[in-house]
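The residues making up each chain are set out below.
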Amino acid sequence: QVQLVESGGGLVQPGGSLRLSCAASGITLGNRATTWFRQVPGQEREAVSCIGAIAHYRDSVEGRFTISRDNAENMVYLTINDPKPEDTAVYSCAAGPSLCVDWLNPRMYVYWGKGTQVTVSA
């Protein structure tokens, strides 16, 4: 019954922008820490950003990515500004406990979406 569905991915040019959405059903994201992960084929999944009491960012995306939420719509967003080719990956959202505690650890999360592809290319 619990489902997370990502959308908004696609092809974006360097210097452009993109907003990813994570829509939830069966759970309330406003009561949980929600994290965006990304994964490149052949590489390990890495946490990008978490929103709970405060927002957390991986150093490589700090200042370029912004995580936000709309509790009325039960959605979490990730805005990607100044995308770079190395940002190309499948981006997934995951819901866990109330706070972004140990947020880099994928094992902290109970619910996962299937992901949306982001490709940064001219």
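My aim in this report is to walk through the structure given alongside it, one point at a time. (Residues numbered from 1 in each chain as written. Predicted model: local features only at pLDDT ≥ 70, side-chain atom pairs only at ≥ 80, totals over all residues. Heavy atoms only, no water.)

**With respect to the pattern of salt bridges**
Move 1: All chains considered together, the criterion is met by five salt bridges.
Move 2: Close ionic contact of Arg58 with Glu46 constitutes a salt bridge, the shortest N to O distance being 3.7 Å. Of this pair, Arg58 sits in the loop between strand E6 (55–57) and strand E7 (65–70) while Glu46 sits in strand E5 (residues 46–51), and the two are 12 residues apart along the sequence.
Move 3: Among the residues examined, Arg58 registers a relative accessible area of 26% and is labelled partly exposed.
Move 4: Between Asp82 and Lys84 there is a salt bridge, with its nearest N and O atoms 3.5 Å apart.
Move 5: A residue is classified by how much of its surface remains accessible, and Asp82, at 37% relative accessible area, is partly exposed.
Move 6: The network of salt bridges with shared partners includes Arg38, Glu46, Arg58, Arg64 and Asp87. (Salt bridge = Lys/Arg side-chain N within 4 Å of Asp/Glu carboxyl O. Helix = DSSP H or I, 4+ residues; strand = E, 2+ residues; numbered from the N terminus. Buried < 20%, exposed > 50% of the residue type's maximum accessible area, 1.4 Å probe, protein only.)

**Observations regarding unusual backbone geometry**
Move 1: We note that Asn74 has phi near 55°; this positive angle belongs to a residue other than glycine.
Move 2: With respect to the element layout, Asn74 can be found in the loop between E7 and strand E8 (75–81).
Move 3: For Asn74, a relative accessible area of 16% puts it in the buried group.
Move 4: One non-glycine residue, Asp82, lies in positive phi territory at about 50°.

**Considering the environment of Pro41**
Move 1: The topology assignment puts Pro41 in the loop between strand E4 (34–39) and E5.
Move 2: Take Pro41: its relative accessible area is 76%, and that puts it in the exposed class.
Move 3: Between the C-alpha atom of Pro41 and that of Pro97, which follows or precedes it by 56 residues, the distance is 28 Å.

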